[in-house]
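Structural description and commentary
Now for the letters of each chain:
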Amino acid sequence: MSDEKKMNHQQEGGSQEHLSLNDDRRVKVLSPGALVAKRFFRNRLAVVGLVILAVMFVFSFIGGVVSPYSQDEVFYRREFQSKEYAGVTENSSFRYTTAEGQSFTGMVQAQFMMAATKGQTSFTYDGVTYSLAEEGEDFYVISQGTTPVALAYKDIVNAEDPSLTVGFDFQRAALKAYTNGEQSFTVDGTEYTVDEHGGINEAGQPVAYISRFVVQSKVSGVTFTRDFKEQLAETIENDSDEFTYTNDEGTFDYTLEYDADTKSYSVRQEKETQVFDTYSEPSKAHWLGTDRNGMDMLTRLMYGGRVSLVIGFIVVIISAVLGIILGGVAGYFGGWVDNLIMRIVDVFYCIPSMPLIIIMGSAMDGMRVDPTMRMLYLMLVLGFLGWPGIARMVRGQILSLREQEFMTATEACGISIPRRIFRHLIPNVIPQLIVICTMSLGSTIITEATLSFLGLGVKFPFASWGNIINDVSNSFVLTNYWFVWIPAGICLLLTVLGFNFVGDGLRDAFDPKMKR
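In what follows, the accompanying structure is described. (Residues numbered from 1 in each chain as written. Predicted model: local features only at pLDDT ≥ 70, side-chain atom pairs only at ≥ 80, totals over all residues. Heavy atoms only, no water.)

Thoughts on the overall build of the protein chain
Along the protein chain, the regular secondary structure elements total 17 helices and 15 strands. Relative to the 2.2 N^0.38 estimate, which gives 24 Å for 516 residues, the radius of gyration of the protein chain is 43 Å and therefore markedly larger than a compact globule would have. In terms of overall dimensions, the protein chain has a C-alpha envelope of 150 × 70 × 35 Å along the principal axes. Classification of the 516 residues of the protein chain by burial places 40% in the buried group. Pairs at least 24 apart in sequence give 61% of the contacts found in the protein chain among residues at least 6 apart. For the protein chain, the computed accessible surface area is about 29200 Å², with 55% contributed by carbon and sulfur atoms. Distance between charge centres in the protein chain, computed from 42 positive and 58 negative side chains, equals 23 Å. (Helix = DSSP H or I, 4+ residues; strand = E, 2+ residues; numbered from the N terminus. Rg over C-alpha atoms; globule rule 2.2 N^0.38 Å. Buried < 20%, exposed > 50% of the residue type's maximum accessible area, 1.4 Å probe, protein only. Contact = heavy atoms within 4.5 Å. Areas by Shrake-Rupley, 256 points an atom, 1.4 Å probe, with all protein chains shown as cover. Lys, Arg positive; Asp, Glu negative; His and termini not counted. Charge placed at Lys NZ, Arg CZ, Asp CG, Glu CD.)

Some points on the packing of aromatic side chains
For the coordinates displayed, the defined rule picks out 29 aromatic pairs. Considering the side-chain rings of F123 and Y130, the 5.2 Å spacing of their centres and the 20° angle between planes classify their relative orientation as stacked. Note on accessibility: F123 and Y130 belong to one class, buried. The structure contains a cluster of three or more aromatic residues connected by ring pairs, namely Y85, F228, F243, Y245 and Y254. If you follow K154 out to its NZ or CZ, it ends over the ring of F94, 5.1 Å from the centre. (Phe/Tyr/Trp six-rings, centres within 6.5 Å; stacked < 30°, edge-to-face > 60°. Lys NZ or Arg CZ within 6 Å of the ring centre and 35° of its normal.)

A look at a negative patch on the surface
A contiguous patch of negative charge, built from D239, D241, E242 and D253, is present on the exposed surface. Mapping D241 onto the fold places it in the loop between helix 6 (226-237) and strand 13 (242-247). Note on D241: relative accessible area 47%, which makes it partly exposed. (Patch = residues over 30% accessible without salt bridge, like charges linked within 9 Å, V, L, I, M, F, W, Y side chains within 5 Å. Salt bridge = Lys/Arg side-chain N within 4 Å of Asp/Glu carboxyl O.)

Some words on the sheet that holds strand 10 (residues 199-202)
Pairing is antiparallel in the open sheet, where five strands are placed in the order 7-11-10-9-8. Of all strands in the sheet, those bounded by a partner on one side alone are strand 7 (156-159) and strand 8 (184-187). Each strand axis lies, on average, 30° off the axis of its neighbour in the sheet, ignoring direction. This element, helix 5 (residues 168-179), spans strand 7, strand 8, strand 9 (190-194), strand 10 and strand 11 (205-211) of the sheet and lies at about 165° to strand 8. Running over the sheet, helix 6 touches strand 7, strand 10 and strand 11 and is turned about 35° from strand 11. (Pairing = 2+ DSSP bridges. Axes fitted to C-alpha atoms, helices over the stretch in contact; angles between N-to-C directions.)

If you want it as structure tokens, here you go:
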């Protein structure tokens, strides 16, 4: 085929031009950065890690902005709760009321008990003779001569108005009538009637009531009406364990629980109460439910990711800055400077980091350090303890680079020492720095999560993945409220895994011996 025909054939398009193996046009020149990127994106695990990290960053930083809730917003719900409302004891021992101007001490009361038990009609104490008269069932009047000194009774007279007190004469007459089954009595010219339930009325109006039950309030500021006590006593006498009572506040259900050890009843009130919406199941309003404080779990998870990632990056930045400066100075100058800095590195390697952080966390708990300042101190401590590894790596790289020709050229050109270190040496260490910092991010996040889980890291109201998992304080929460801790654990796992994948991919991409 002639040259003209070949040219026409190529123009007509059928085939492409074939180049020989030694043709320079076959060589495609890539920049170092493009070559590293090409190697990185050929690593499928590295790409997967990059995608995971991108999703985590969007979830944490953008998700918190678009969320309709704040990280410390508390939600409530209304539910019926059974709360201890009162304690009831059936009086089984004598109580005493002393007449005005008289004395009836504890020793005299003890002598009375002995005389009453033996069926005696008098007793003597400290040279004074007392007479006792049983005027009704479990009701005695103790006198000194013809003068009444005290009353001893088991049935208790209560004024209808709790703010009023019952006089001695009224109490004596009321108890005498009630214990003897009488229907009326007269005090100071006023006639009173007594019903079968112990109610005392004057002209049809209730003024007092008699009961053997002692009712004590378990709620501050609550007093009990006669109707409530009568209904409570009737419930106990009927051997029932629940009743319903209506007052100005509404209708409430009450349950009674008997304690055989103390021989008393506990009255519990069923009342609709506003409480924290704790451990609410996932719903449209709360996609991942709520935690033990009634806060939205999805929002807390977003803000927790933001805190964990920010802490990780700041700690690594602090460690990298310290490590680059000290490692660069040690590697460039060598000699006694190198020895001094490396001995400092050895000292830091000997510091037990975790016990030190735990001690500092406990100290901050004792001093009640503000949660914001506590988070700042945590980042500074972790960063200050993490630089020795970076310094040692930088120093090793610079020791090998400082003897090369380009460094001799910088010295010959009169470039200053700081410029030689930070403009010509450190940039050649950047690939290794990127790798080690990326790998350190995952371990830093794990450390922060561990400290927060132990209660020594990020404190409430700030959220982190570690203190979110800390809500799992017992096996019941662990097994029944999976939505509290599993999402935070998955986010933590994926983020650390993503950093590790990216770190491995960068290490391989920066390796000039890689064939891929």
